[in-house]
Amino acid sequence: MTESNVEDARMLFNVRAIIANVERKLDKHGDLDTYDVYCEWYEDEEQNENVDVEIWLRDRRDDSRIGPLDTNTFLDA
């Protein structure tokens, strides 16, 4: 496995954890059936270590988007 694949796997693991945390908060407030949660991330080509992650919600009722949300709020949810 190349170093790039390992980094991608780590990023995917982190993103899945963030999504799970957001879904837990939505479920706690009875909104899990209303929103889809997704993340987008952007790698800084010059500095491979910096990755910006954005959390978004998609409202299933009208397909509107909410976000990006504050990622730090959901890291240790």
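Residue positions are given per chain, counting from 1 as you read along its sequence in written order. Residue-level local features of this predicted model are given only where pLDDT is at least 70; pairs of side-chain atoms are given and counted only at 80 or more, and the full residue set underlies all totals for whole chains, interfaces and linings. Side-chain numbers come from the whole structure's heavy atoms, not from hydrogens or water.

**Student:** Describe the side chain of Asp 59, naming the residues involved and giving the relevant values.
**Tutor:** Assignment of secondary structure puts Asp 59 in strand β2 (residues 51-59). Contact partners of Asp 59, with chain neighbours within four places excluded, come to Thr 34, Tyr 35 and Ser 64. Helix and strand assignments come from DSSP, with helices taken as H or I runs of at least 4 residues and strands as E runs of at least 2, each series counted from the N terminus. The criterion used for residue contact is that any of the two residues' heavy atoms lie within 4.5 Å.

**Student:** How would you summarise the pattern of salt bridges if you had to cite specific residues and measurements?
**Tutor:** It is possible for side chains of opposite charge to pair when their charged atoms get near one another. Note on definitions: salt bridges are taken to be side-chain nitrogens of Lys or Arg within 4 Å of carboxyl oxygens of Asp or Glu. In this structure the tally under the stated criterion is five salt bridges. Among the ionic pairs, Asp 36 bridges to Arg 58, the shortest N-O distance being 2.3 Å. Linking Asp 36 in strand β1 (residues 35-43) with Arg 58 in strand β2, this pair joins segments that are 22 residues apart in sequence. Taking relative accessible area as the criterion, Asp 36 reaches 22% and is therefore assigned partly exposed. Salt-bridge contacts for Arg 61 lead to Asp 59; the nearest nitrogen and oxygen are separated by 2.5 Å. In this structure Arg 61 comes out as exposed when scored by relative accessible area, which is 62%. What makes Asp 59 buried here is its relative accessible area of 5%. A network of salt bridges, in which partner residues are shared, links Asp 36, Arg 58, Arg 60, Asp 63 and Arg 65. In this scheme, a residue with accessible area under 20% of its type's maximum is buried, one over 50% is exposed, and one in between is partly exposed, where area comes from a 1.4 Å probe on protein chains only.

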